[in-house]
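Given next are the chains, with one letter for each unit.
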Amino acid sequence: LGLLRAWRRVRPGCVQVRDKIASAFMAWLAARLLGVPFVYWMSFPIVEGFEVRRDAIGKRGRGALWLAHALRAQASRLLLYRLVLPRADHVFVQSEAMRAWLAGRGIAAGRMTAVPMGVDSAVFARSAIVPSTDPRLDGRRVVVYLGSVAQSRQSGFLLDVALLLRARLPDVLLVIAGDAPSPDEMAWMRREIASLKLGEHVLLTGWLPQREALGYVVRAEVGLSPIPRGVLFDVSSPTKLVEYLALGIPSVANDIPDQALVLE
């Protein structure tokens with residue numbers, strides 16, 4: 001209704017929706033009524049994300065919560081892949097891998113454009129970043145991970161790295177400059193750290209303003225960017241690796257397609 005009211009004042013050039021499903025269908029209808037193109041921007045395989053969440057809940061039993069998530073996943077799959085994407089005038093995707101993946105699902109490759117993530121070289125100039133003065137970094141061999149913590153991201157792998165490093169470098173400190181999308185995910189990470197007795201070797205900063213987070217990064221000797229292989233992340237375009245490299249930080253990353261391209 002808002003779109004239709006706005007049309008009285010100024011005709012939009014197009015209607016674009018990012019990573020929404022039910023509202024994308026409504027926006028497509030509005031675009032058709034307005035006679036303007038409908039564009040979808042897909043930065044994450046959100047349907048598959050819903051299915052992962054459904055399956056995680058299913059491991060604890062199939063009750064009403066599981067049924068609600070199962071219905072959401074199924075309805076979202078129908079709406080996105082049968083109605084929204086095939087009818088969009090154009091689709092922006094996160095990577096060439098996502099473009100190829102959606103083409104395999106029957107979406108016309110000629111109607112998709114990949115827009116990989118990047119960084120602003122002025123913002124990420126090393127000379128523009130003030131190193132963190134956090135005293136917990138002093139005298140430590142710092143390794144950094146910049147980004148989200150989640151079980152779906154297999155963030156426990158970072159703790160495996162910390163364990164291996166601690167065996168050789170007793171003064172190592174893994175800085176995880178980021179947070180989890182929900183309190184239960186962060187509680188899980190803290191439990192894992194405690195169970196592995198890594199409290200003295202892992203620093204969780206939580207979400208920080210960008211400049212402050214980058215201050216931790218430039219104190220590090222190595223940046224880590226482990227991204228799990230699989231349908232959720234193989235099509236992603238993470239910025240961590242590009243950010244580390246822009247700041248001159250030696251980096252270790254695995255071979256999801258977008259990162260493999262950056263490494264090459």
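This text goes with the structure placed above it.
Before going into details, it helps to say that this report is about the structure given with it. Just so it is clear, the model here is predicted, and its values are computed rather than measured.

Cut-offs and rules
- Residues numbered from 1 in each chain as written.
- Predicted model: local features only at pLDDT ≥ 70, side-chain atom pairs only at ≥ 80, totals over all residues.
- Heavy atoms only, no water.
- Pairing = 2+ DSSP bridges.
- Helix = DSSP H or I, 4+ residues; strand = E, 2+ residues; numbered from the N terminus.
- Axes fitted to C-alpha atoms, helices over the stretch in contact; angles between N-to-C directions.
- Contact = heavy atoms within 4.5 Å.
- Salt bridge = Lys/Arg side-chain N within 4 Å of Asp/Glu carboxyl O.
- Buried < 20%, exposed > 50% of the residue type's maximum accessible area, 1.4 Å probe, protein only.

**What to know about the sheet that holds strand S1 (residues 15-18)**
Working step 1: Read across the open sheet, the four strands follow the order S1-S2-S3-S4; overall the sheet is parallel. Strands at the two margins of the open sheet, each flanked by one partner only, are S1 and strand S4 (112-114). On average, adjacent strands in this sheet sit at an angle of 20° to one another, irrespective of strand direction.
Working step 2: As judged from the three bridges shared by strand S3 (residues 90-93) and S4, these two strands associate in the parallel manner. Bridging across to S4, Phe92 finds its partner in Thr113.
Working step 3: In the packing of helix H4 (residues 64-87) onto the sheet, the strands contacted are strand S2 (38-42) and S3, and the crossing angle to S2 comes to about 135°.

**Points about the sheet that holds strand S8 (residues 222-225)**
Working step 1: If you trace the five strands from one edge of the open sheet to the other, you get S7-S6-S5-S8-S9, paired in parallel fashion. Edge positions in the sheet fall to strand S7 (202-204) and strand S9 (251-253), since each has one partner strand and no second. Going from strand to strand, the sheet's axes swing by 20° on average, the running direction of each strand aside.
Working step 2: Across three bridges, the pairing between S8 and S9 is parallel. Pairing of Gly223 across the sheet is with Ser251, part of S9.
Working step 3: Strands strand S5 (141-146), strand S6 (172-177), S7 and S8 of the sheet are contacted by helix H6 (residues 156-168), whose axis makes an angle of about 165° with S6.
Working step 4: Most of the contacts of helix H7 (residues 183-195) go to S7, to which it runs at about 160°, and overall it touches S6 and S7.

**Section: unusual backbone geometry**
Working step 1: Its identity as a non-glycine residue notwithstanding, Gln154 has a phi of 55°, on the positive side.
Working step 2: Its location among the elements puts Gln154 in the loop between S5 and H6.
Working step 3: At Lys197, a residue that is not glycine, the phi angle is positive and equals roughly 55°.
Working step 4: Of note, Lys197 is situated in the loop between H7 and S7.

**Some thoughts on the pattern of salt bridges**
It is possible for side chains bearing opposite charge to pair when their charged atoms get close.
Working step 1: Counted by the stated rule, this structure contains 11 salt bridges.
Working step 2: Between Arg136 and Asp134 there is a salt bridge; the shortest N-O distance is 2.7 Å.
Working step 3: The exposure class assigned to Arg136 is partly exposed, which follows from its relative accessible area of 47%.
Working step 4: Residue class for Asp134 comes out buried when judged on its relative accessible area of 9%.

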